Amino acid sequence: MTPEQARSVGSTIDHEGQKLETIYIAISSYRDDECRPTVESLFARARYPQRIRVAVTDQRSAGTEDPSCLPPTAAECENIGNDSYLAVVCPRL
């Protein structure tokens, strides 16, 4: 693949007149109680959190209290405050 072909794959966003490439992150989680904090940390630490795209395979055992990597609830989205993760994720839900 040439560099030109590589640049044509994926997506970009416009940020203050600048075209920025998006960043795709795939996570496979098996009964992991650190999954959601990990995803939250990705957004909280990112210089441009709106560039991040996350796909999670959340494997849990049915009928148990296994932790979940589910996105925030509507109630959590009502209290965004200074939380950069919620500020980016909630408008897209």
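Fair warning: this is a prediction, and the values are worked out from it, not measured in the lab.

1. Examining the overall build of the protein
Helices and strands together make up the secondary structure of the protein, namely four helices and four strands. Helices (α) and strands (β) of the protein occur, in sequence order from the N terminus, as α-β-β-β-α-β-α-α. Within the protein, residue pairs in contact and separated by at least 24 positions form 54% of the contacts whose partners lie at least 6 positions apart.

2. Describing the pattern of salt bridges
Pairing is possible between side chains of opposite charge, provided their charged atoms come close. Under the criterion given, the structure shown has two salt bridges. A salt bridge links aspartate 66 to arginine 31, with the nearest nitrogen and oxygen atoms 2.7 Å apart. In this pair, aspartate 66 is assigned in the loop between β4 (52-59) and α3 (74-78) and arginine 31 in the loop between β3 (23-30) and α2 (35-45), connecting sequence segments 35 residues apart. Take aspartate 66: its relative accessible area is 12%, and that puts it in the buried class. Arginine 36 is the salt-bridge partner of glutamate 40, the closest N and O atoms lying 3.0 Å from each other. Of the two residues, glutamate 40 and arginine 36 are both situated in helix α2; the distance of four residues between them amounts to about one turn of the helix.

3. Quick look at the side chain of aspartate 66
Among the polar contacts made by the side chain of aspartate 66, one reaches the side chain of arginine 31 at a distance of 2.7 Å. There is a polar contact of 2.7 Å between the side chain of aspartate 66 and the backbone nitrogen of serine 61. Leaving out residues up to four positions away in the same chain, aspartate 66 has contacts with Arg31, Arg60 and Ser61.

4. A look at the nonpolar core
Among the nonpolar cores identified, the biggest contains seven residues, and these are Ile27, Cys35, Val39, Phe43, Ile52, Cys69 and Val89. Per-element accounting of this core gives the leading share, three residues, to α2.

5. Quick look at the side chain of threonine 22
Within the secondary structure layout, threonine 22 lies in the loop between β2 (18-21) and β3. Overall, the relative accessible area of 18% leaves threonine 22 in the buried class. Engagement of the side chain of threonine 22 in a polar contact is seen with the side chain of serine 11, the distance being 2.8 Å. When residues no more than four places from it in sequence are discounted, the contact partners of threonine 22 are Ser11, Thr12, Ile13, Arg51 and Arg53.

6. Side note on the state of the cysteines
Enumeration over the complete set of coordinates arrives at one disulfide. The residue that forms a disulfide with cysteine 35 is cysteine 69, at a sulfur-sulfur distance of 2.1 Å. Judged by the sign of its S-S torsion, about -75°, the cystine formed by cysteine 35 and cysteine 69 is left-handed. You can see cysteine 35 sitting in helix α2 and its partner cysteine 69 sitting in the loop between β4 and α3, a full 34 residues away along the chain.

7. Digging into α2
For α2, the set of buried residues is Cys35, Arg36, Val39 and Phe43. Looking straight down α2, one finds that the buried residues subtend no more than 100° of arc, so they occupy a single side.

Calculation rules
- Residues numbered from 1 in each chain as written.
- Predicted model: local features only at pLDDT ≥ 70, side-chain atom pairs only at ≥ 80, totals over all residues.
- Heavy atoms only, no water.
- Helix = DSSP H or I, 4+ residues; strand = E, 2+ residues; numbered from the N terminus.
- Contact = heavy atoms within 4.5 Å.
- Salt bridge = Lys/Arg side-chain N within 4 Å of Asp/Glu carboxyl O.
- Buried < 20%, exposed > 50% of the residue type's maximum accessible area, 1.4 Å probe, protein only.
- Polar contact = N/O pair within 3.5 Å; in protein donor to acceptor, adjacent residues only side chain to side chain.
- Core = buried A, V, L, I, M, F, W, Y, C linked by side-chain atoms within 4.5 Å.
- Disulfide = S-S within 2.5 Å.
- Arc of directions from axis to C-beta.

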